[in-house]
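Structural description and commentary
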Amino acid sequence: MIGGLRFALARARAATAPLVTLAIVSALAALLVVGVAGLVTAVETREARGALAAVTGDRAQIVLTIDGSSSPDAVADAAASALAGMGAGGALTIDIEDGAVVLEPNLDAITAEQALTLTDGLAGLRDAVEEATGDRPQESGGLSDTLAGVRDGIETRRGPTTVALGLLGLLTAVVVGAVALEPVRAREAESRLLRARGARRRDVVGLAAVEAVAVALVGAAVGATAGAIALAVGTTAASGILIAGVAALGIAAVAGVVVVVATARGSDRGSARARAVADVGAIVLLAVITGLAVWQFVQAGTPIVERGDGAAALDPLVALAPALALALAAIVAVALATPIARAIAAAFSRSRRVTPVTPLRLASRRPGRHALPITVVAFAIGTITVAGAYQSSLTALGDAPEALRVGADVKVGTIPEDIAAADVAASASPDAAMLARPLSAQGADVRIPILAVEAAQLPEVMLDADGTIDPSAMREALALPPSDAVLAGDELTLTLLAPAAPPMEIDGELFEQGSPGLQVRVTVIAASGAVETFEFTNADVRESEDDNGNSFPAVEVDPVETVTFDLPADDDWSLAALAVGYHPLGYVPGGGEITDVVSGGTPVDLSGFRPAAGTPGAVEATESGLAFTPEAATGEPFTRAVAPLVPAAVPAVITTELAASMSLEVGDTIALELIKPDIEAEFEIVDVVPVLPGTSTGQGMLVDLGTLSMASPFEIVPTQVWMSTDDPGAVAAAVAAEYPQTVTIVADPRSAENAAGTASAFVLAAVGAVVLALVVLVLRRTRSRADSRELALLAVMGLGRRRASRLRAQEDLFAVAMGVVGGIAAGAVTAWLVVAPLVRAAYGSVPEAYPIDLRIQPGALALAIAVAVAVFCLIVASVRTPPQLAPLLREDE
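To keep things clear, this report deals only with the structure shown in the data block.

Definitions and cut-offs
- Residues numbered from 1 in each chain as written.
- Predicted model: local features only at pLDDT ≥ 70, side-chain atom pairs only at ≥ 80, totals over all residues.
- Heavy atoms only, no water.
- Helix = DSSP H or I, 4+ residues; strand = E, 2+ residues; numbered from the N terminus.
- Buried < 20%, exposed > 50% of the residue type's maximum accessible area, 1.4 Å probe, protein only.
- Contact = heavy atoms within 4.5 Å.
- Areas by Shrake-Rupley, 256 points an atom, 1.4 Å probe, with all protein chains shown as cover.
- Pairing = 2+ DSSP bridges.
- Phe/Tyr/Trp six-rings, centres within 6.5 Å; stacked < 30°, edge-to-face > 60°.
- Lys NZ or Arg CZ within 6 Å of the ring centre and 35° of its normal.
- Core = buried A, V, L, I, M, F, W, Y, C linked by side-chain atoms within 4.5 Å.
- Axes fitted to C-alpha atoms, helices over the stretch in contact; angles between N-to-C directions.
- Patch = residues over 30% accessible without salt bridge, like charges linked within 9 Å, V, L, I, M, F, W, Y side chains within 5 Å.
- Salt bridge = Lys/Arg side-chain N within 4 Å of Asp/Glu carboxyl O.
- Lys, Arg positive; Asp, Glu negative; His and termini not counted.
- Charge placed at Lys NZ, Arg CZ, Asp CG, Glu CD.
- Parallel < 35°, antiparallel > 145°, perpendicular 65-115°, else oblique.
- Left-handed = near helix turned anticlockwise from the far one by under 90°.
- Nonpolar A, V, L, I, M, F, W, Y, C, P; charged D, E, K, R; others polar.
- Polar contact = N/O pair within 3.5 Å; in protein donor to acceptor, adjacent residues only side chain to side chain.

**Let's talk about the overall build of the protein**
Regarding its fold elements, the protein presents 26 helices and 30 strands. The 893 residues of the protein split such that 47% are buried. Excluding contacts between residues fewer than 6 apart, the proportion of contacts in the protein whose partners are at least 24 apart in sequence is 78%. As displayed, the protein has an accessible area near 40800 Å², and 57% of this comes from carbon and sulfur atoms.

**Topic: the sheet that holds strand E24 (residues 639–642)**
In spatial order, the strands read E14-E13-E18-E24-E21; together these five strands make up an open sheet with antiparallel pairing. Both outer strands of the open sheet, strand E14 (531–537) and strand E21 (610–611), are each paired with one neighbouring strand and no more.

**Digging into the pairing of E24**
Looking along a regular strand, one sees side chains alternate from face to face of the sheet. Residue alternation in E24 divides its side chains into two sets, Thr639 and Ala641 and Arg640 and Val642, and both sets are buried. With four bridges joining them, strand E18 (residues 573–582) and E24 adopt antiparallel strand pairing. The partner of Ala577 across the bridge, within E24, is Val642. Of the pairings in the sheet, the one linking E21 to E24 comprises two bridges and is antiparallel in character. When the sheet's bridge partners are listed, Arg610 is paired in E24 with Val642.

**Here's the deal with the packing of aromatic side chains**
Under the counting rule described, the total for this entry stands at three aromatic pairs. Ring geometry for Phe534 versus Phe565: centroids 4.9 Å apart, planes at 15°, classification stacked. Linking Phe534 in strand E14 with Phe565 in strand E17 (residues 560–566), this pair joins segments that are 31 residues apart in sequence. One Lys or Arg, Arg521, reaches over the ring of Phe638 and ends 4.5 Å from the middle of that ring.

**Comments concerning the nonpolar core**
By size, the foremost hydrophobic cluster in this structure holds 116 residues, and its most contacted members are Ile381, Tyr390, Leu458, Leu702, Phe762, Tyr850 and Phe872. When residues in this core are grouped by element, the largest group, 13 residues, is from helix H14 (residues 367–397). Beyond its immediate chain neighbours, meaning those up to four positions away, Phe872 contacts Val377, Ala380, Ile381, Val770, Ala773, Leu774, Leu777 and Val816.

**Re unusual backbone geometry**
Phi at Asp596 takes a positive value of approximately 50°, unusual for a residue other than glycine. In this fold, Asp596 is placed in strand E19 (residues 592–599). Unlike most non-glycine residues, Ser663 shows phi in positive territory, near 55°. As for its position among the elements, Ser663 is in the loop between helix H19 (656–661) and strand E26 (669–675). For Ser663, a relative accessible area of 62% puts it in the exposed group.

**Some remarks on the sheet that holds strand E1 (residues 62–65)**
The strand order across the open sheet formed by four strands is E2-E3-E1-E4, and the pairing between neighbours is antiparallel. Looking at strand neighbours, the two that pair on one side only are strand E2 (92–97) and strand E4 (138–140), the edges of this open sheet. Neighbour to neighbour, the strand axes of the sheet diverge by 20° on average, direction disregarded. Two elements, E2 and strand E3 (residues 100–105), share six bridges in a ladder whose sense is antiparallel. Paired with Thr93 across the two strands is Glu104, which belongs to E3.

**A few points about a negative patch on the surface**
On the surface, a cluster of negative charge is made up of Glu673, Asp678, Glu680 and Glu682. Tracing the chain through its elements places Glu682 in strand E27 (residues 679–689).

**Quick notes on the pattern of salt bridges**
Enumeration according to the criterion identifies nine salt bridges in this entry. Close ionic contact of Arg157 with Glu47 constitutes a salt bridge, the shortest N to O distance being 2.7 Å. Of this pair, Arg157 sits in helix H6 (residues 143–186) while Glu47 sits in helix H2 (residues 16–53); the two residues are 110 residues apart in sequence, bridging distant segments of the chain. Residue Arg157 shares its accessibility class with Glu47, and that shared class is buried. Across the pair Glu402 and Arg405 runs a salt bridge whose closest N-O atoms are separated by 2.8 Å.

**Quick look at the packing of helix H16 (residues 421–428) against helix H21 (residues 728–738)**
Direction vectors running N to C along H16 and H21 enclose 125°, while the axes themselves pass 8 Å from each other. Considered as vectors, H16 and H21 are oriented oblique to each other. As for how H16 packs across H21, the hand of that crossing is right-handed. Residues Val424, Ser427 and Ala428 of H16 lie in contact with H21, whose contacting residues are Val731, Ala734, Val735 and Glu738. Looking at the contact of H16 with H21 residue by residue, the classes come out as five nonpolar, one polar and one charged.

**Brief notes about the side chain of Ser393**
Inspection of the secondary structure puts Ser393 in helix H14. Owing to a relative accessible area of 3%, Ser393 belongs among the buried residues under this scheme. Looking at Ser393, its side chain comes within polar contact range of the main-chain nitrogen of Arg855, at 3.0 Å. Filtering out sequence-adjacent residues up to four positions away, Ser393 remains in contact with Val835, Val839, Asp853, Leu854 and Arg855.

**Section: the side chain of Asp409**
Here Asp409 lies in the loop between helix H15 (400–406) and strand E7 (410–413). Although Asp409 is buried, it forms no salt bridge, and the closest oppositely charged side chain is Arg405 at an N-O distance of 12 Å. Of the polar contacts made by the side chain of Asp409, one reaches the backbone nitrogen of Thr725; its length is 2.9 Å. Filtering out sequence-adjacent residues up to four positions away, Asp409 remains in contact with Leu463, Met723, Ser724, Thr725, Pro728, Ile745, Val746 and Ala747.

**Some thoughts on the environment of Ala300**
The topology assignment puts Ala300 in helix H10 (residues 272–300). Its relative accessible area of 38% is what places Ala300 among the partly exposed residues. Taking the C-alpha atoms as reference, Ala300 lies 8.6 Å from Pro837; in sequence the two are 537 residues apart.

**Here's the deal with the environment of Pro858**
With respect to the secondary-structure elements, Pro858 resides in helix H25 (residues 858–877). A residue is classified by how much of its surface remains accessible, and Pro858, at 60% relative accessible area, is exposed. Pro858 sits 470 residues away from Gly388 along the chain, and the two C-alpha atoms are 9.1 Å apart.

**Looking at the packing of H2 against helix H8 (residues 201–234)**
One can describe the packing of H2 onto H8 by two numbers: an axis separation of 7 Å at closest approach and a directional angle of 35°. Relative to H8, the crossing made by H2 is right-handed. Of the residues in H8, those touching H2 at Leu19, Leu22, Ala23, Ser26, Ala27, Ala30, Leu31, Val34, Gly35, Gly38 and Leu39 are Glu211, Ala212, Val215, Ala216, Gly219, Ala220, Gly223, Ala224, Ala226, Gly227, Ala228 and Leu231. Residue classes in the contact of H2 with H8 are distributed as 16 nonpolar, six polar and one charged.

Function cannot be read off these values alone, since they describe shape.
Here it is as structure tokens:
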């Protein structure tokens, strides 16, 4: 070291002011970084605890049982040691129940990091217990799966929070680097003198670097420690030693790198042109890196990307993309400050007043003096803009993603075939209910989801996903056109004739076959679009016993079956379709005739009915009705006849992305082969919507269940019930109690809460950016010796103290104005690029087809920016001329 330790200490004392400033700024920067990171961790911990608290039963525990000689206490001790070795000691409670060891989450102690650790660590718990006790335990319970879900949610939401931390981290690095430059500038002449006296460059650079790193490290350590202590006292989750240490080392490293580069460049007189070329090259490199980062961000949408092995990983370049964009915009604002100042000054050149010409000319002639204030102000205002847009977009979205995922207030699925979906709906007494059947069709490359619902109930049941879709318009699009042939009464009577089949000859002997057993499906359509289906059969199945006591089904067929159905009141109904098929237990070759169809004493005209497209069997018009000859095939398909009002193609609503992939538009038709039941049907596109609620991807086709049933030779049984209610919890509990074999889904309010928690990271980043900008402006307001001499010279040249101070303040206010304008522009562009993808990532379950728009609350955002700008201006305008002018002017005598 040059001159030894005494020389280094003396050199440090000569630059006490800038080094103390570096220590204070480092402490403040570390405090901000640790505090924001710790608060984000606290939010994640709250999310993890909330998710674990909502889980009960087997999914909330792990049970270890030992069949060997080991005692439960030994197993419990081994499990506790294994958890401690993972770094999750105390995260799970360990109890012994009926000889088994039960591990459950400790909701008062577990943290988000421990939950993530346990997700993978619990896979080796049995091995650890076996190694400690010699006996391998049996493991049951679903806590591992629950923790995996918690991990997925936390890792997904770490994308937006990492971007917020990147904004704060980059500005912190800029401020610390700028403050670290001050000792270098103060010693520039000294460094050149040392080089002239024979000192090696590396010695000069090393001395400056050690000094800066030591001072910055001490200050950052103090700030990081204070932040960690504050978090431990004030939050449920401490930041931890690791974050504090990383923050302190990072700040010291930034200070050291800046000092090394600046000292190496300034220790020798170099070519000004070479330095300018190097600066321009650095800016071009920053622009290239920023462009690459933004491009990758647009492609990925979040810094959390999936690796080749399926695990989530952080892409640091994507995480820094918004921060780099703001930094580049700040540099552009600095570059434009000089020409703008010159242009404005030229516009006022004919004025004889000192202002605004003189302040603008001063600003245009020394852009380096205002580069840092413009940068930090632009960064702070840009961060406020991005944070405000993110917060507003999250607030506007609210529970819409959950409404899109579920589709209704309550959705009951996986209804077994032996349970009627209508009975499930009636058990909970909802405000409104809609039966549904999810289907799929084989497309060219992938399967196409098709959701068949009772379209008449769409406005009352289906949620509109924050106005993204209009269920009323979808109902109107799917409704069949009204019929002129309205049924006259409130009931419908019809007769099924099933004439006996010809005798069958076996070995020369004739045997009577009797009448065929048939089942009939009657479909009526209301003027409101509602579709009702009635069913009956002429076969009566009874249990009989043979001589050996074995039971078997006995079928009695009535050749004439007359039935009457009551039509739902308060609507006008029309007969839409008739379908006849063989009874599965009463097959006899032949057919049947539907006759004497009457409503309100008035016969119903069947002459206009036609065979449905693709129907099996045959339909013929008779003098008294319609004759059906079903097809004897597997599944007993129905032979169908439809009224003139029933279109040949099933009306369908399709999502935008799916329609584009299949090159479909409104009015086009397409034939699809449905899977389970295996039928072929033709669909006509009647409307295109952005997304389809209640589907896994938000993509698919929506059709009316009744209309599709008329186009199907097989019965389409509803397997879902969508319900509308003001108390989803009570309805879900009622269904679960009555039908525990079903799966009940309700919107999870924690989804919106967890997503909103990520907004706190952006708010904290904006607050931190404003604080750092204030620090820079306060330091800039503090007069250096050169600033004091300039103010004194302006004062004695005739301006006076007050006007001289005002002149300096106006010059600095121009820099603040440039930073504000650049920050608003950069923040708006950055928000337009990143907010929507980050909001989508914050929820984690929003389909790509769901449109997320950039929302801004102009009043709140304008108020936040105005308050920050007002504080900036107050600091800048508070500069004062020194009280003693003569000593400053005579320093060079």
